[in-house]
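Breakdown of the fold
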Amino acid sequence: MSRQQIVALLDRYLKGETTQKENQLVERWLEEHGNPNQEWDNLDQSGKDQWLSSVFSDINNTIRQAEVKVVPLPQRKRWWWQSVAAAAAVLLIACTLYLEWPLLQSLLNPVQLTALQAPINQKKAITLADGSRVWINAGSELKYPETFNGQTREVYLSGEAYFDIHHDTAKPFIIHTGNVITKVLGTAFNIKEDKSKHTIQVTVTRGKVSVANGGELLGVLRPNQQISFNTLKEEALQATVNAAAVIAWQQSDLHFEDVSFGDAIAQLRQHFDVKISFSNTKLKDCRFTGTSINGEELEKILKVMCAFNNATYRVEPDGSIIIDGPGCNN
């Protein structure tokens, strides 16, 4: 890495123009390598800014010189070993920048992403540059690069999508959903972000998936396993589920296999984009099994469901539907 690039980074840091990740990167270098006697930690913010300014000035003044100058901490008396530590800090920052240049380049030169949005009443599917297939649920968005040129394949999801990832051991596939990071080599799984409930769910249908909250590993999932992460409480719950039911939205048919009446109605709401509610909330817990082929009319499906669950329904003038009844027979 050239000194000009070091100058540019420090200059933007001092002007407050760096991103949060760049700030953390620079400050981590300083904390880890800046001074063996922890003097950096004892400085207030003003002192840190002054010291960093002196580092910037020293590097800027020696761009065309072979030697490295000693950088004094302003307005502080120092011993010879403190001066050596300050000079070493400049060298260590430069060396660390060089070693972490791939990461820094990704920060300074972010990959251009294409956004694919699925309208509220429509699902979309896409084949990515590596051959991976992604099905995007209604009201969701996927951001992805046109090509995967780096050491990883990274995309960004808002909402829900089902991924069938092309296997590539040399390039892990990474999905960013808020702070949650899902990492795979080649497998199939579903990610669902529900902002109203502050939850992100990852469900595996094939292969193995690791899920993390930033740098904290939440778990490693295998088929029919799911992690549900609460983004407010930062709590993760791992469970065994019926993955086929979770990804039913992606199929051409509507599948109901040992599901609650409440969950089945939630699928109908999303599939037909209609408001459906229960006047008797006890009905939500009734369970049944059945399959409805895509294309059947909503009212025909509701008649079958209500017959299973000892319920009735009515359509309101505004088009919404209310389900009522004493409860299930079981």
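Residues numbered from 1 in each chain as written. Predicted model: local features only at pLDDT ≥ 70, side-chain atom pairs only at ≥ 80, totals over all residues. Heavy atoms only, no water.

We now examine the overall build of the protein. Per the secondary structure count, the protein includes nine helices and 19 strands. Buried residues in the protein amount to 41% of all 330 residues. At a minimum sequence separation of 6, the contacts of the protein that also span at least 24 residues come to 46%. (Helix = DSSP H or I, 4+ residues; strand = E, 2+ residues; numbered from the N terminus. Buried < 20%, exposed > 50% of the residue type's maximum accessible area, 1.4 Å probe, protein only. Contact = heavy atoms within 4.5 Å.)

Take the pairing of strand E19 (residues 321–324) next. Across three bridges, the pairing between strand E16 (residues 276–278) and E19 is parallel. Paired with Ile276 across the two strands is Ile321, which belongs to E19. Pairing geometry for strand E18 (residues 312–315) and E19, over four bridges, is antiparallel. Bridging from a neighbouring strand, Tyr313 pairs with Ile323 of E19. (Pairing = 2+ DSSP bridges.)

What follows concerns the environment of Thr147. Residue position: Thr147 is located in the loop between strand E4 (141–145) and strand E5 (153–158). Measuring from C-alpha to C-alpha, the distance between Thr147 and Val111 comes to 9.6 Å, with 36 residues separating the pair along the chain. Within the structure, the side chain of Thr147 is placed 3.1 Å from the side chain of Asn149, a separation counted as a polar contact. (Polar contact = N/O pair within 3.5 Å; in protein donor to acceptor, adjacent residues only side chain to side chain.)

Right, let's talk about the nonpolar core for a bit. Among the nonpolar cores identified, the biggest contains 29 residues, and Leu142, Val155, Phe163, Phe173 and Phe189 are the most heavily contacted of them. Those residues in contact with Phe189, other than ones at most four positions away along the chain, are Ala161, Tyr162, Phe163, Ile165, Ile175, Thr182, Val184, Thr203, Val204, Thr205 and Val209. Grouped together as the second largest cluster of nonpolar side chains are 19 residues, Leu268, Val274, Leu283 and Ile301 included. (Core = buried A, V, L, I, M, F, W, Y, C linked by side-chain atoms within 4.5 Å.)

All right, on to helix H8 (residues 261–272) then. An ideal rise of 1.5 Å per residue puts 16 Å on 12 residues; H8 measures up with 16 Å between its terminal C-alpha atoms. All buried positions along H8 are accounted for by Phe261, Gly262, Ala264, Ile265, Gln267 and Leu268. Among the residues trailing H8, Asp273 stands out with phi positive, at a value near 50°. (Expected span 1.5 Å × (residues − 1).)

Bringing the sheet that holds E19 into the picture now. Within the open sheet, the three strands sit side by side as E16-E19-E18. Their pairing is mixed. Only two strands of the sheet have a single partner each, and these edge strands are E16 and E18. Neighbour-to-neighbour, the strand axes of this sheet turn through a mean angle of 25°, independent of strand direction. Contacts from helix H9 (residues 298–308) reach E18 and E19, with the element oriented near 155° to E18. (Axes fitted to C-alpha atoms, helices over the stretch in contact; angles between N-to-C directions.)

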